[in-house]
2 protein chains.
Amino acid sequence: MSKEPWKVAVVGLGKIANDQHLPSIARLPDYTFAASVSRSGGVEGVENFTELDALLAARPDIEVISLCVPPQVRYEMARAALEAGRHVMLEKPPGATLGEVEDLSSLAAERGLVLYATWHSRHAPAVGPAKAWIAERSPSAVRINWKEDVREWHPGQQWIWEPGGLGVFDPGINALSMLTAIWPMPIRLVSAELGFPENRATPIRADLALRDPAGTPMEVAFDWAHEGPPLWDLEVDASGETLKLSGGGKRMEVDGRLVLEEPEAEYDGLYREFAGLLDTGARNVDVTPLRIVADAFLTGRITHTAPFHD
Amino acid sequence: MSKEPWKVAVVGLGKIANDQHLPSIARLPDYTFAASVSRSGGVEGVENFTELDALLAARPDIEVISLCVPPQVRYEMARAALEAGRHVMLEKPPGATLGEVEDLSSLAAERGLVLYATWHSRHAPAVGPAKAWIAERSPSAVRINWKEDVREWHPGQQWIWEPGGLGVFDPGINALSMLTAIWPMPIRLVSAELGFPENRATPIRADLALRDPAGTPMEVAFDWAHEGPPLWDLEVDASGETLKLSGGGKRMEVDGRLVLEEPEAEYDGLYREFAGLLDTGARNVDVTPLRIVADAFLTGRITHTAPFHD
C-alpha cells in the first residue's frame, strides 16, 4: 500500500453488498469501511445516510464510492459521485445502457478520477488457468450452460423483471464476462432467442449463438426457470480435448480430469484490482459483456412463455 | 482528385441502390461504376455477379465495395471485401449488431483499409446550419416526430420485420444520426416504449426519452403506421427561440420563419465524403445512432399492437 487505507462508502445494502462487498472490504487492508447509504437501515458502527447526496456533502473525507444499487438507478449516483470528485466502483452490469457507461467513462476521464466497471466472474479461480490453456491450443467450439432457479438466487428482487433489469442476463452476463476474458479473439453475437414470461418485461430464458472472427461456434443457454442445483458451466473444445469450467469458475476439468478446485474469492479479487487502479489513477471500463447483451435484445427473436410468479 | 476515378462495385440492387447510390456514383467524377452484385439481374453496361466472392476473385481491379444489402447479411460481405483488400462503404445502419461493426472496424484498421459507416441524414442541407445555430445558444428541449407510412416507403420489404431489421428504427435512426450530429454534447437513452405488431419481430412504433449530460429533455416519437404525408421533423428550443428542421433536414425554420430550403443531395454528400476518406486512407465509423437503438431494445418496455399486414 502506498498510503493510508482508502475510505470507502457502500451504496445500496442489498444481498450482494451484505454477502460480498462488506466482507471483502473488512478483510482487505487497503480499505476502511467509512459509511453506507441505504433507505432501509445501515451497518452497525458506521454512519448511514438515506441519500447519496447527503453523504457527498457531509463526508468529503470519503474518497471512494462503491455502488451496489440496481443498474436502473446507478447512473445518476455514479455521476453525482464523480462530479463530487470521488472514485467510483460499479457492480455489474455497469449501467442499464451502453450510453450511460460511455458517459460516465468520459466524465471520469475528464476529471482524472478512477472508474472501475467490475465483472466479478473474471476473478473466479479457474479464469487465469483456462485462459492459459486456451492460448496454447486451437479452440473449435464453446458451450455455455448457465441455469439457476431465480426464486432461490434472486428472492423477491423485482428490479430484475423491470426494463433495464436484464432478466436472465443478470446471471448470464457473468458467463459472458468470463468467456470474453479467457478468449483470445473478439466475440460477437450472431443470433438470439429470448423467452419473456407473459407478465414480465425481461426474459427468463435466452439462447444465444456467438462467434469469433475465426468462426468458432459458441452456443449459450441461459435459463432462470431451472430447478435443482444450479449449472454455471462453460466448456471449450480445443485440439482434441475438452476444458470444463463449472461452479461459475471455481472448478476446472480437462477431459473429466480435475485440474483445479478452489473456493471463490471473487470480491477480494475485485477490491484488490480496484486498489491497484486507485494507486495508479487508472480506469477499467470494459463494456463488452453488456454490448453482447444489448446486441441480443437488438436482434433477438422474442417468444412468450408462461407467466412467472415469485 | 489525386488519381484516376475509384472503381466501385455496388452490392445489392434494391430500392436504395437504384434511387440513390447508382445516380450519385454516375454524377460524381471521383468514381467509375465498375460492377454490381445481385441475384435478381444487374445494371446495363457493367458486369453483374450473383455472388460477392465471385466478383472479388474475378475483378482485382475493383478497389471499392459499396454495400446496399440489408443489415442482417452485411457483416459477412463486408468482412470478405476487407479480407480481399478492398475499401468498404456501408449503408446505414452499419450492421445488425454493435459487435459486428466493432469487428469490421478493427479488421479495417489492421489492414489499413478505409471503412465508412454512412449516415445519409447527416448530409441533409440544414444539418450544418442547425449545428451552428445550436452552438451559439443554450438549448433547453428537443422534440422529434418521425412518422411515415411503412406501406408507402418500404413496400414489400420483409427484412425490416425480421430480427435485426430494426422495424421503425430503420427510418428513425436517421433522426438519431441527425440529432447526434448537430448536438454539442453526448446523448444517451433514458427510457423507451416499443410497440411490436403481434405478428412481427420488430417494432412499428417507438417512444424514446433521451438526455444529454446537462439534462436537456428530448422526446422522440417514431411511428410507421402514420397515414398521409410523412413527418420527418426535429425541433429544438434554445434561448427563447424554436428551430424546426422538417422534410428530414431539407428545410429549416426559426420561430416559423423560413431560413433555408434546399433539395436534398445526401448521397452525393456521402460519396464526396467517402472520396475524401479514400484519398487520405482515413476511416469513419461512428456507431452512436445504433448504440442508442440498441439501448432502446435493451431497456425498452414492449407493448403489443394489432397485427400488421402488407
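These numbers come from a predicted model, not from an experiment.

## Regarding the relation of the copies chain B and chain A
Step number 1: Each copy superposes on the other: chain B lies on chain A with an RMSD of 0.0 Å after a rotation of 180° and an axial shift of 0.0 Å. Taken together, the rotation and translation relating the two chain copies correspond to the operation of a two-fold axis.
Step number 2: Counting the interface residues of chain B, we find that 100% of their copies in chain A are interface residues as well, pointing to one common contact surface.

## Some details on the nonpolar core
Step number 1: Membership of the largest hydrophobic core comes to 110 residues, with the highest contact counts inside it found for A:Phe169, A:Phe222, B:Phe169 and B:Phe222.
Step number 2: Once you skip the residues sitting within four places of it in the chain, A:Phe169 turns out to touch A:Leu194, A:Pro203, A:Ala206, A:Leu208, A:Phe222, A:Val293, A:Ala296 and A:Phe297.
Step number 3: Core analysis: the next-biggest nonpolar cluster, separate from the first, contains 25 residues, A:Val37, A:Phe49, A:Ile62 and A:Ala80 among them.

## Looking at the packing of helix α1 (residues 15–27) of chain A against helix α8 (residues 266–280) of chain A
Residues and elements named next belong to chain A.
Step number 1: Their axes nearest at 9 Å, the elements α1 and α8 cross at an angle of 55°. Classified by the angle between their axes, α1 and α8 sit oblique to one another. Seen from above, α1 lies across α8 with right-handed handedness. Contacts between α1 and α8 pair Ile-16, Gln-20, His-21, Ser-24, Ile-25 and Arg-27 from the former with Tyr-267, Asp-268 and Tyr-271 from the latter.

## A closer look at the UniProt feature "domain: Gfo/Idh/MocA-like oxidoreductase N-terminal" (unreviewed entry) in chain A
Step number 1: In the UniProt entry, the feature "domain: Gfo/Idh/MocA-like oxidoreductase N-terminal" (unreviewed entry) is given for residues 7–116 of chain A.
Step number 2: Annotated as residues 7–116 of chain A, this span is 40% helix and 23% strand, and its ends, taken at the C-alpha atoms, are 16 Å apart.

## Quick notes on helix α5 (residues 127–135) of chain B
Residue and element names in this part refer to chain B.
Step number 1: Along α5, the positions that sit buried rather than exposed are Val-127, Ala-130, Trp-133 and Ile-134. The arc that holds the buried residues of α5, viewed along the axis, is 125°, so those residues lie on one side.
Step number 2: Tucked inside the fold, the buried residues of α5 contact β7 (139–147), α7 (169–182), β11 (231–238), β12 (241–246) and β13 (251–254).

## Thoughts on the sheet that holds β12(B)
All names here are of chain B.
Step number 1: The nine strands lie next to each other as β14-β13-β12-β11-β7-β10-β9-β8-β15, forming an open sheet whose pairing is mixed. Edge positions in the open sheet fall to β14 (257–261) and β15 (301–305), since each of these has one partner strand only. Averaged over all pairs of adjacent strands, the angle between strand axes in this sheet comes to 15°, irrespective of strand direction.
Step number 2: Of the strands in this sheet, β7, β11, β12, β13 and β14 touch α5, which is tilted by about 165° from β12.
Step number 3: The strands touched by α7 are β7, β8 (188–197), β9 (205–211), β10 (218–223), β11 and β12; relative to β7, the strand with the most contacts, the crossing angle is about 155°.

## So, the packing of helix α3 (residues 74–83) of chain A against helix α4 (residues 98–111) of chain A
All names here are of chain A.
Step number 1: In contact at an axis separation of 10 Å, α3 and α4 are set at 5° when each is read in the N-to-C sense. Classified by the interaxial angle, the pair formed by α3 and α4 is roughly parallel. Residues Tyr-75, Ala-78, Arg-79, Leu-82 and Glu-83 of α3 lie in contact with α4, whose contacting residues are Glu-100, Asp-103, Leu-104, Leu-107, Ala-108 and Arg-111.
Step number 2: Classifying every residue of the contact of α3 with α4 gives six nonpolar, no polar and five charged.

## Quick notes on α1(A)
Residues and elements named next belong to chain A.
Step number 1: For α1, spanning 13 residues, the distance from its first C-alpha to its last is 18 Å, which sits close to the expected 18 Å at 1.5 Å a residue.
Step number 2: When the local axis directions of α1 are compared, the greatest deviation, roughly 30°, occurs at His-21, which is followed within four positions by the proline Pro-23.
Step number 3: The set of residues buried in α1 consists of Ala-17, Gln-20, His-21, Leu-22, Ser-24 and Ile-25.
Step number 4: On its buried face, α1 sits against β1 (6–11), β2 (31–37), β4 (64–67), β5 (87–90) and α8.

## What to know about the interface of chain B and chain A
Step number 1: Chain B puts 32 residues into the contact, and the matching count from chain A is 32 residues.
Step number 2: Summing the contributions of chain B and of chain A, the shared interface buries around 2,600 Å²; its carbon and sulfur component is 60%.
Step number 3: In this assembly, chain B and chain A are joined by six salt bridges.
Step number 4: Its salt-bridge partner being B:Glu102, residue A:Arg291 comes within 2.9 Å of it at the nearest N-O pair.
Step number 5: Counting every contact that joins chain B to chain A gives 10 residue pairs in polar contact (both at pLDDT 80 or more).
Step number 6: Contributing elements (two or more residues each) for the side of chain B that touches chain A: α3 (74–83), α4 (98–111), β8, α9 (288–299) and β15 of chain B.
Step number 7: Counted by class, the side of chain B that touches chain A contains 16 nonpolar, six polar and 10 charged residues.

## Thoughts on the domain arrangement of chain A
Residue and element names in this part refer to chain A.
Step number 1: Here chain A is described as being made up of domain 1 (6–117) and domain 2 (124–262 + 294–305).
Step number 2: Distance between the C-alpha centres of domain 1 and domain 2: 27 Å.
Step number 3: In this assembly, eight residues from domain 1 lie in contact with 13 residues from domain 2.
Step number 4: Interface of domain 1 and domain 2: buried area, both sides summed, is about 720 Å²; carbon and sulfur atoms make up 63% of it.
Step number 5: Among the residues of domain 1 in contact with domain 2, Lys-15, Gln-72 and Lys-92 are the three that bury the most area, contributing 56% of the side total.

## Here's the deal with the pattern of salt bridges
Between side chains of opposite charge, a pair can form when the charged atoms approach closely.
Step number 1: Considering all chains together, one arrives at 42 salt bridges over all chains under this definition.
Step number 2: Its salt-bridge partner being A:Arg137, residue A:Glu136 comes within 3.8 Å of it at the nearest N-O pair.
Step number 3: A relative accessible area of 66% places A:Glu136 in the exposed class.
Step number 4: Residue classification places A:Arg137 among the partly exposed positions, given a relative accessible area of 26%.
Step number 5: Here B:Arg251 makes a salt bridge to B:Glu261, at a shortest N to O gap of 2.9 Å.

## Quick notes on the packing of aromatic side chains
All names here are of chain B.
Step number 1: Scanning all chains against the criterion turns up 16 aromatic pairs over all chains.
Step number 2: Their ring planes at 90° and their centres at 5.7 Å tell us that Phe-169 and Phe-222 sit as a pair that is edge-to-face. A residue pair is termed long-range when its members are at least 10 positions apart, and Phe-169 in helix α7 and Phe-222 in strand β10 qualify at 53 residues. Across the pair, Phe-222 and Phe-169 agree in class, each one buried.

## Some thoughts on the sheet that holds strand β11 (residues 231–238) of chain A
Picture the strands of a sheet paired through backbone hydrogen bonds; they go either parallel or antiparallel.
Residues and elements named next belong to chain A.
Step number 1: The strand order across the open sheet built from nine strands is β14-β13-β12-β11-β7-β10-β9-β8-β15, with neighbouring strands paired in mixed fashion. Because the sheet does not close on itself, it has two edges, and the strands there are β14 (257–261) and β15 (301–305). Going across the sheet, the axis of each strand differs from the next one's by a mean of 15°, ignoring polarity.
Step number 2: In terms of strand pairing, β11 meets strand β12 (residues 241–246) through five bridges, oriented antiparallel. What sits directly across from Glu-235, in β12, is Lys-244.
Step number 3: Contacts from helix α7 (residues 169–182) reach β7 (139–147), β8 (188–197), β9 (205–211), β10 (218–223), β11 and β12, with the element oriented near 155° to β7.
Step number 4: Contacts between helix α9 (residues 288–299) and the sheet are confined to β8, β9 and β15, with β8 contributing the most and set at about 65° to the helix.

About the cut-offs
Residues numbered from 1 in each chain as written. Chains lettered and ligands numbered in written order. Predicted model: local features only at pLDDT ≥ 70, side-chain atom pairs only at ≥ 80, totals over all residues. Heavy atoms only, no water. Least-squares fit on C-alpha atoms with pLDDT ≥ 70 in both. Contact = heavy atoms within 4.5 Å. Core = buried A, V, L, I, M, F, W, Y, C linked by side-chain atoms within 4.5 Å. Buried < 20%, exposed > 50% of the residue type's maximum accessible area, 1.4 Å probe, protein only. Axes fitted to C-alpha atoms, helices over the stretch in contact; angles between N-to-C directions. Helix = DSSP H or I, 4+ residues; strand = E, 2+ residues; numbered from the N terminus. Parallel < 35°, antiparallel > 145°, perpendicular 65-115°, else oblique. Left-handed = near helix turned anticlockwise from the far one by under 90°. UniProt positions renumbered as here; feature names shortened; annotations may be inferred. Arc of directions from axis to C-beta. Pairing = 2+ DSSP bridges. Nonpolar A, V, L, I, M, F, W, Y, C, P; charged D, E, K, R; others polar. Expected span 1.5 Å × (residues − 1). Bend = angle between axes of the 7 residues up to and from the residue. Buried area = accessible area lost by both parts, 1.4 Å probe. Salt bridge = Lys/Arg side-chain N within 4 Å of Asp/Glu carboxyl O. Polar contact = N/O pair within 3.5 Å; in protein donor to acceptor, adjacent residues only side chain to side chain. Domains from an automatic or database assignment. Phe/Tyr/Trp six-rings, centres within 6.5 Å; stacked < 30°, edge-to-face > 60°.

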